[in-house]
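# A structural walkthrough
Chain by chain, the residues run as shown.
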Amino acid sequence: MLQSGHPSKTTTNEALVPLSVDQRVFRTIDHAALWFSLGVGLLVMQVGSFLIPALSMQQALLAIVLGSLVGAGLLGWVAKIAADSGLASAGLMHTVYGRRFASLPIILNIVQLIGWGTFELVVMRDATVAIGRQSGVMKDAWWPILATLVWGGVVAALISGSMVQLVRKVIARVALPLVVLSLLWLTWQFLAVAFDLGINVIWDRPGQGGMGVMPALDLVIAMPISWLPLVADYARHGKTSQGALRGTWIGYAIANIWCYSLGVLVALVLPSADLVTALLLAQGGLIAVSLILIDEVDNAYGDAYSGAVSTHSLLPRWSVRNWGVVIALACTGMALVLPMHSLEPFLLMLSSVFVPLFGVILGRLAFGANTHRLLEEARNVHIVPVIIWIAGIACYHLLPLVLPALGSAIPTLAICFVATRLLVRTR
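Summary of the structure given here. Computed from a predicted structure; not experimentally measured. (Residues numbered from 1 in each chain as written. Predicted model: local features only at pLDDT ≥ 70, side-chain atom pairs only at ≥ 80, totals over all residues. Heavy atoms only, no water.)

## Regarding the pattern of salt bridges
Cut-off, in case you're wondering: For this document, the term salt bridge refers to a Lys or Arg side-chain nitrogen within 4 Å of an Asp or Glu carboxyl oxygen. Exposed residues in this analysis have more than 50% of their type's maximum accessible area, buried residues have under 20%, and partly exposed residues fall in between, with area computed by a 1.4 Å probe over protein chains only.
Counting across every chain of the model gives 4 salt bridges. For aspartate 30, the salt bridge is made with arginine 27, and the minimal N-O distance between the two is 3.2 Å. For aspartate 30, a relative accessible area of 0% translates into the label buried. One salt-bridge network, held together by shared partners, links Arg27, Asp30 and Arg168.

What follows is the structure, given as C-alpha cells:
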C-alpha cells in the first residue's frame, strides 16, 4: 500500500514500483477536484496582477487563456503517462535518464519542493496575519511566528494520514465547494466595481508596454509548469489514463484562468501593492479570503507529499509518510528563519530546470512507449536524453537574451520534445 499505516522501516521502494491496479482509485472527478484545488491560490492571483499595467486587459486575458490551456495540457499529458504506467515522477526520471543519473534531477526536485513548500507557508502566514489585523487583532510581533507553526503543524498532521482519502473525502467534498463559492463571491464583487468605474473604459485601456504577449504567456505557464514534477505522484492513482488527462487538464485550466483573471481584475479596479489587502477590502472579502487561505493548505501539502515520494525513492528505508512529516517540519523551520520573498527568484530559476526535463520525458514516453520494459532495462545513464536536457536548460536561459519576444518555456519545451523524438532510439 502507498503510505503504510505503520511507521516501521520498509524495504520496498514504493516510488519506483508501478502502483497495483487495485490501488488506482481516482476517477476523472477526483483528478479535476484535486487540480482545481491546487490551481487556486493567493500566489496565483498575485502573479496575475503582475500582467497589469504592462498589458491591456484584452492582451492579458489572451495570455491567460492560452497559457493556461497549454500549461494544464502539459500537466494532463504527464498525468496520462503516469496513469498508464503507475509510476511516480521519480520512476519516470529513472526510465528516461537512467537509474544512477536520475538521482540528480530527483534531488533538484526535492530542493525545489522544499523551497516551494516553505514559500507556501510564508504566503499562508502573511495572509493569516493580514486577515487578523484587518479584524483588529494579531498586531503583536509574535503572531507571524505562531501562524507559521500552526500552518506547518496542520500540513504535518495531514501528511501523516492517507493522501487518497484526503483528496476524495476532504478536497472533493468539502474544500472544493467552499473555494468555488469564495471565488464566485470575489469575482462578483470586483466585477461590480468594474461596472461602476466603466467596464468599457477598463476593457479598452491600452497597455503601458514593458512586457509582450509571449513573455506574459511564460508568466502564466510558470504556475502549471511548477507542478510538472508533482503530477505523476497523484495521477498514478488514476483508474484510467484518459480520466487522468481530462480531469487534470480541465481542473487546473479552469482554476488557473479564473485566479489569473481575478488578479488582473483586482489590479485594474483596485491597484494595491498587497493583493490580499485589496481582496479584504471587498464586501465579504474577509470570509472569502479566509476560505481561500484554508484551501491553500493543499498546495503546501502537495509540495511536502511529492517531496516525500521523491526522497523515499532515494532513501526507501523510511516510508513516504515518515519522509512527509520530516519535510513538512523542515519547511516550517525554514519559513521561520529564511527571507523567503528574496528567495523567489532562485526558486523560479530552479523551476526552469524542469521545463526541458519534462520536454525530454514527454518526447520519450508520450506516444505509447512500454514504460515498464524501459524501466526494467534502464542503464545507469542514458547519455542522449541527459545531453538534450542540459542543452535545454541553456536554451531556456539564452532565449530571453537572443529572442526576447518568443519567451522561454514553450520554445524550450518544444525543442527538447522534438530533439528527443528525433535522437533517442525508440523500441
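Still to come is the rest of the account.
## Section: the side chain of serine 313
This is how the line gets drawn: Note on conventions: DSSP H or I runs of at least 4 residues are helices, E runs of at least 2 residues are strands, and numbering of each starts at the N terminus. Note on contacts: a residue pair qualifies if any of its non-hydrogen atoms lie within 4.5 Å across the two residues.
Structurally, the position occupied by serine 313 is in helix H14 (residues 297-314). Classification of serine 313 as buried rests on a relative accessible area of 6%. Not counting residues within four places of it along the chain, the set of residues in contact with serine 313 comprises Asn13, Ala15, Leu16, Ala90 and Ile106.

## Description of the packing of aromatic side chains
Where we set the bar: Each aromatic pair joins two rings of Phe, Tyr and Trp (for Trp, the six-membered one) with centres within 6.5 Å, and gets the label stacked for planes under 30 degrees apart, edge-to-face for over 60, and tilted for any other angle.
Considering all chains together, one arrives at 14 aromatic pairs under this definition. On the basis of an interplanar angle of 25 degrees and a centroid distance of 4.6 Å, the ring pair of tryptophan 142 and tryptophan 143 is categorised as stacked. Taking the relative accessible area as the measure of exposure, tryptophan 142 reaches 46% and is therefore partly exposed. Overall, the relative accessible area of 24% leaves tryptophan 143 in the partly exposed class. Put simply, the rings of Trp35, Trp227, Tyr234, Tyr252, Tyr301 and Tyr305 pair up and form one aromatic cluster.

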